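A structural walkthrough
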Amino acid sequence: MDSFSYFVVGYDNSGPIVSNIVGISDPVKINTDIILNAPIDDTTNGSSNIKSAEYSIDGASWKSMSATDGLFDEPAEEVTATVSIPEPGVYDLCIRGIDVVDNTGQEKCNLLVVYDPSGGFVTGGGWIISKAGAYTADTLLEGHANFGFVSKYQKGANIPTGETEFQFKEGNLNFKSTVYQWLVVAGVKAQYKGSGTINGTGDYGFLLTATDGQLPGGGGVDKFRIKIVDKATGTVVYDNVGGSDDMEAVNPQEIGGGSIVIHK
Ligand SMILES: [Ca+2]
Ligand SMILES: [Ca+2]
Ligand SMILES: [Ca+2]
């Protein structure tokens, strides 16, 4: 193995690294120019010059990006592209680099949240059966959990307003939102993110995904998911569904009673 390694020194067979995607941490409005930036670096992966870079949105075909300084002529480049998205949603945006000896580097992906401030809002009130495993502190606990929420963009505002409460009595869990970050309404689903407290204290992030069963294609039954995370540790405190956070991938739980309405 050692002698083999010796003979391949200097041969570049690995693609450049994308360390970060800049410019998409905040939700953006539909049909707004979003300037993507990313550093692409081959210096520790064979140190060839960068030949090109590309981005892809939600698995669609790769599109080319430019060098920010105008020329692909170094082993490390910052790259850029401007995109604009016409439909609200949560998109998986990926960027990758290619070096001059045609090694394609691993893609780096981040979620991009696109919202339509005039595109509806969501309300809900009711209950679910919280199943074993949902409450991390005691995975055996089961029982009723009540929810009530409204999330809505006020005219011209970039941040939705409203209130979210979630109460799981068996677990002495009483979650109350304090602030929202974003809201996306797309098809039969709405998803929004924010922060709040449990039993009046702490700083918890939450992600709520809801389906309106009465919309065309909604399947007839309203569905609900809430994931609550301790922001300091990243630990999941409560999640009645589990799995991916991706709006399209989430299949929320059928509610036991009450109603969820996506207002369009
Ligand atoms: Ca390389
Ligand atoms: Ca350059
Ligand atoms: Ca409904």
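Figured I'd write up the structure that's included with this text. Quick caveat, the model's predicted, so the values are computed rather than measured.

Let us look at the coordination of the calcium ion (ligand 1). All of the protein donors around the calcium ion (ligand 1) are Asp12 (OD), Asp12 (OD), Ser14 (O), Asp42 (OD), Asp42 (OD), Asn45 (O) and Asp99 (OD); their distances to the metal are 2.2 to 2.5 Å. Counting along the primary sequence, the residues that act as donors to the calcium ion (ligand 1) give the motif D-x1-S-x27-D-x2-N-x53-D. Within this pair, whereas Asp12 is found in the loop between helix 1 (2-8) and strand 1 (17-18), its partner Asp42 is found in the loop between strand 3 (34-41) and strand 4 (50-57), the two being separated by 30 residues in sequence. Of the two residues, Asp12 and Asp42, both sit in the buried class.

Next up on the list: the state of the cysteines. Tallied over the full model, the rule gives one disulfide. Two residues, Cys94 and Cys109, share a disulfide whose sulfurs are 2.0 Å apart. Taking the torsion about the S-S bond as the criterion, the Cys94 to Cys109 disulfide, at about 110°, is right-handed. Remark: Cys109 occurs in strand 9 (residues 108-115) and Cys94 occurs in strand 8 (residues 89-99); sequence separation between them is 15 residues. In this structure Cys94 comes out as buried when scored by relative accessible area, which is 7%.

Looking now at the environment of Thr233. Considering the arrangement of structural elements, one finds Thr233 in the loop between strand 16 (223-230) and strand 17 (236-239). Overall, Thr233 belongs to the exposed group, its relative accessible area being 54%. Within the structure, Thr233 has its side chain in polar contact with the side chain of Thr235 (distance 2.7 Å).

The next subject is the sheet that holds strand 7 (residues 76-83). Spatially, four strands are ordered 1-3-7-6 in an open sheet, and the strand pairing comes out antiparallel. A single partner strand is all that each edge strand has here, and the edge strands are strand 1 and strand 6 (66-67).

The rules behind the values
Residues numbered from 1 in each chain as written. Chains lettered and ligands numbered in written order. Predicted model: local features only at pLDDT ≥ 70, side-chain atom pairs only at ≥ 80, totals over all residues. Heavy atoms only, no water. Donors = N, O, S within 2.8 Å, 3.2 Å for Na, K, Ca; no water. Helix = DSSP H or I, 4+ residues; strand = E, 2+ residues; numbered from the N terminus. Buried < 20%, exposed > 50% of the residue type's maximum accessible area, 1.4 Å probe, protein only. Disulfide = S-S within 2.5 Å. Polar contact = N/O pair within 3.5 Å; in protein donor to acceptor, adjacent residues only side chain to side chain. Pairing = 2+ DSSP bridges.

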